[in-house]
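The lines below spell out each chain.
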Amino acid sequence: MIKVSRETPRQDDVVTLIRQSDALMQSLYPAESNHLVDIDSLAAAHVHFFVAREDGRALGCGAFVLGTDGHAEMKRVFVDPAARGKGVARAIMAALEREAAKLGVTLMQLETGIKQPEAIALYRKLGYAERGPFGRYQPDPLSLFMEKRLA
């Protein structure tokens, strides 16, 4: 059974996941189109970081950065390639959205790359709609910006 819970990103198995994510993003996009958040930033008080585990093994992770005015930004959703197809990403997204809603977040936003069709398809299935750049993001032909209203 997959369990998703809030944890620190400063664990060896989680660091391994984040490094896998870094390597993938760096293989797909140039540095100026990568908007990666480092481990120290993921451990900040305003960031809510979650890990999906099965039998103690870290399968994936994800976070949201608590913003202002009821907004938050989804960051670092990643699933180990060996664990894909098990619903891990969906479980992580659901946990992030539940936690954000408990904290009063009404709008979840995200930036993803256009070379990740599986992620984009999942976000759309979960109700995320395309929008323009938000926050500090600038228009980028390799980025796709999305948002979802939370109940």
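So, how was this worked out
- By convention here, each chain's residues receive numbers from 1 onward along its written sequence.
- Under the rules for a predicted model, residues below a pLDDT of 70 receive no local features and side-chain atom pairs below 80 are neither given nor counted, while totals for whole chains, interfaces and linings still include all residues.
- By convention in this description, side-chain values take in all heavy atoms of the structure and omit both hydrogens and water.
- The cut-offs for exposure are 20% and 50% of the maximum accessible area for each residue type, with area from a 1.4 Å probe on protein chains only; residues under the lower value are buried, those over the upper are exposed, and the others partly exposed.
- Only DSSP runs of H or I with at least four residues qualify as helices, and only runs of E with at least two residues qualify as strands; both kinds are numbered from the N terminus onward.
- A pair of strands is labelled paired if DSSP reports no fewer than 2 bridges between them.
- One side-chain nitrogen of Lys or Arg within 4 Å of one carboxyl oxygen of Asp or Glu is enough to make a salt bridge.
- Definition used in this section: a nonpolar core is a set of buried Ala, Val, Leu, Ile, Met, Phe, Trp, Tyr and Cys residues joined via side-chain atoms within 4.5 Å.
- Note on geometry: axes are lines fitted to C-alpha atoms, helical ones only across the stretch in contact, with angles between N-to-C directions running from 0 to 180 degrees.
- Only heavy atoms enter the contact rule, under which two residues are in contact if any of them lie within 4.5 Å.

Colleague: Explanation requested: the pairing of strand 7 (residues 143-149) in the structure shown.
Modeller: It is a general feature of regular strands that their side chains alternate between the two faces of the sheet. Strand 7 sits mainly inside the fold: 5 of its 7 residues count as buried. Two strands pair when backbone bridges link them, and strand 5 (residues 107-113) and strand 7 are joined in this way by 7 bridges, in the antiparallel orientation. Pairing of T112 across the sheet is with L144, part of strand 7. Relative to strand 7, strand 6 (residues 129-131) runs antiparallel, the two being bridged by 3 bridges. Note on strand 7: the bridge partner recorded for R131 is F145.

Colleague: Quick question: what am I supposed to make of the pattern of salt bridges here?
Modeller: As a working rule, side chains carrying opposite charge can pair if their charged atoms are close by. Per the counting criterion, the structure on display carries 10 salt bridges. In this structure, the salt-bridge partner of R76 is D22, at a minimum N-O distance of 2.7 Å. One end of the pair, R76, is in strand 4 (residues 71-79); the other, D22, is in helix 1 (residues 12-28), with 54 residues separating them in the sequence. Residue R124 pairs with E130 through a salt bridge whose shortest N-O separation is 2.2 Å. Judged by relative accessible area, which is 47%, E130 ranks as partly exposed. Bridged by salt links that share partners, the residues E7, D13 and R53 form one connected network.

Colleague: Honestly, the nonpolar core in this entry has me stumped. Any pointers?
Modeller: The nonpolar side chains of soluble globular proteins are, as a tendency, buried together. Grouped together as the largest cluster of nonpolar side chains are 27 residues, with contacts concentrated most on F64, M74, M93, M108, Y123 and Y128. Top contributing element to this core by residue count: helix 3 (residues 88-102), with 7 residues. Counting 12 residues, the second largest nonpolar core, distinct from the first, contains L17, I18, L42 and F78.

Colleague: Just checking my understanding: could you explain the sheet that holds strand 5 for this structure?
Modeller: Within a sheet, neighbouring strands are paired by backbone hydrogen bonds and run either parallel or antiparallel to one another. Taken together, the 7 strands give an open sheet; going across it, the order is 1-2-3-4-5-7-6, and neighbouring strands pair in mixed fashion. Looking at which strands have only one partner, the edges of the open sheet turn out to be strand 1 (2-6) and strand 6. Taken over all neighbouring pairs, the strand axes of this sheet differ in orientation by 30° on average, direction set aside. Against the sheet, helix 3 makes contact with strand 1, strand 2 (47-54), strand 3 (57-66), strand 4, strand 5 and strand 7, and its axis sits at roughly 35° relative to strand 3, the strand it touches most. Sitting on the sheet, helix 4 (residues 117-125) touches strand 4, strand 5, strand 6 and strand 7, and the angle it makes with strand 5 is about 160°.

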